[in-house]
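Chain and residue survey
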Amino acid sequence: MTPATRQEVLGLYRKVFRIAKNWQSASGQIEETMREKEYIRNEARTLFRKNRNVTDPKLIKQCIEECEARIEIGLHYNIPYPRPIHLPPMGLAHKQGHTLRHQEKLRKISKPIYLKSHDEVS
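Residues numbered from 1 in each chain as written. Predicted model: local features only at pLDDT ≥ 70, side-chain atom pairs only at ≥ 80, totals over all residues. Heavy atoms only, no water.

1. Comments concerning helix H3 (residues 57-77)
With 21 residues, H3 should reach 30 Å at 1.5 Å per residue; the first-to-last C-alpha distance of 30 Å fits that figure. Phi for Asn78, located one or two positions after H3, is positive at around 60 degrees. (Helix = DSSP H or I, 4+ residues; strand = E, 2+ residues; numbered from the N terminus. Expected span 1.5 Å × (residues − 1).)

2. Describing the environment of Leu75
Examined against the element boundaries, Leu75 turns out to sit in helix H3. The class of Leu75 is partly exposed, set by a relative accessible area of 44%. (Buried < 20%, exposed > 50% of the residue type's maximum accessible area, 1.4 Å probe, protein only.)

3. Some remarks on the nonpolar core
In this structure, Leu12, Val16, Ile40, Ile64, Cys67 and Ile71 are the most contacted members of the largest nonpolar core, which totals 13 residues. When residues of this core are assigned to their parent elements, the largest contribution, five residues, is made by helix H1 (residues 3-22). The contacts of Ile71, once residues within four sequence positions are left out, are Leu12, Lys15, Val16 and Ile19. (Core = buried A, V, L, I, M, F, W, Y, C linked by side-chain atoms within 4.5 Å. Contact = heavy atoms within 4.5 Å.)

4. With respect to the pattern of salt bridges
Applying the stated rule across the entire model yields four salt bridges. Among the salt bridges present, the one from Arg41 reaches Glu38, with a minimum N-O distance of 3.0 Å. Residue Arg41 and its partner Glu38 are both found in helix H2 (residues 30-50); the two are separated by three residues, about one turn of the helix. Owing to a relative accessible area of 22%, Arg41 belongs among the partly exposed residues under this scheme. Across the pair Arg70 and Glu66 runs a salt bridge whose closest N-O atoms are separated by 3.9 Å. Placement of both Arg70 and Glu66 in helix H3 is noted, with a separation of four residues, approximately one turn of the helix. Of the residues examined, Arg70 reaches a relative accessible area of 16% and is grouped as buried. (Salt bridge = Lys/Arg side-chain N within 4 Å of Asp/Glu carboxyl O.)

5. Quick look at the packing of aromatic side chains
Enumeration according to the criterion identifies three aromatic pairs in this entry. Here the aromatic rings of Tyr13 and Phe48 are separated by 4.8 Å at their centres, their planes lie at 70 degrees, and the arrangement is edge-to-face. Here the residue Tyr13 occupies a position in helix H1, and Phe48 occupies one in helix H2, the gap between them amounting to 35 residues. Aromatic side chains Tyr39 and Tyr81 sit 4.6 Å apart centroid to centroid with 55 degrees between the ring planes, which places their arrangement in the tilted category. Of this pair, Tyr39 sits in helix H2 while Tyr81 is found in the loop between H3 and helix H4 (100-110), placing the two residues 42 residues apart along the sequence. Site record: aromatic cluster; members linked through ring pairs are Tyr13, Phe17 and Phe48. (Phe/Tyr/Trp six-rings, centres within 6.5 Å; stacked < 30°, edge-to-face > 60°.)

Okay, structure coming up:
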């Protein structure tokens, strides 16, 4: 990892924790705000630790993009949780009888960048 990339990653880590510190839930309830703050901190720790040993520059760039996308979406919608994708079940399979593996592959390809690591952690 280059020093510039390292600084960018550490900056994102600090940014996430600043957001968590100042987070206010949409409902304004104290309990919900505390739960959401804890979720943000735990999610950040888990994902950053999981990707600590990544050395491939393309994969590092992808992780940075995912982090930035999740930050922007969370701030825009005022929810810390990843927004679900709305695909109907079996909606991507071709009508000629492709196997379930093909559909799973299409689902994986269609998954937005901000959800790439969500299924691995949760």
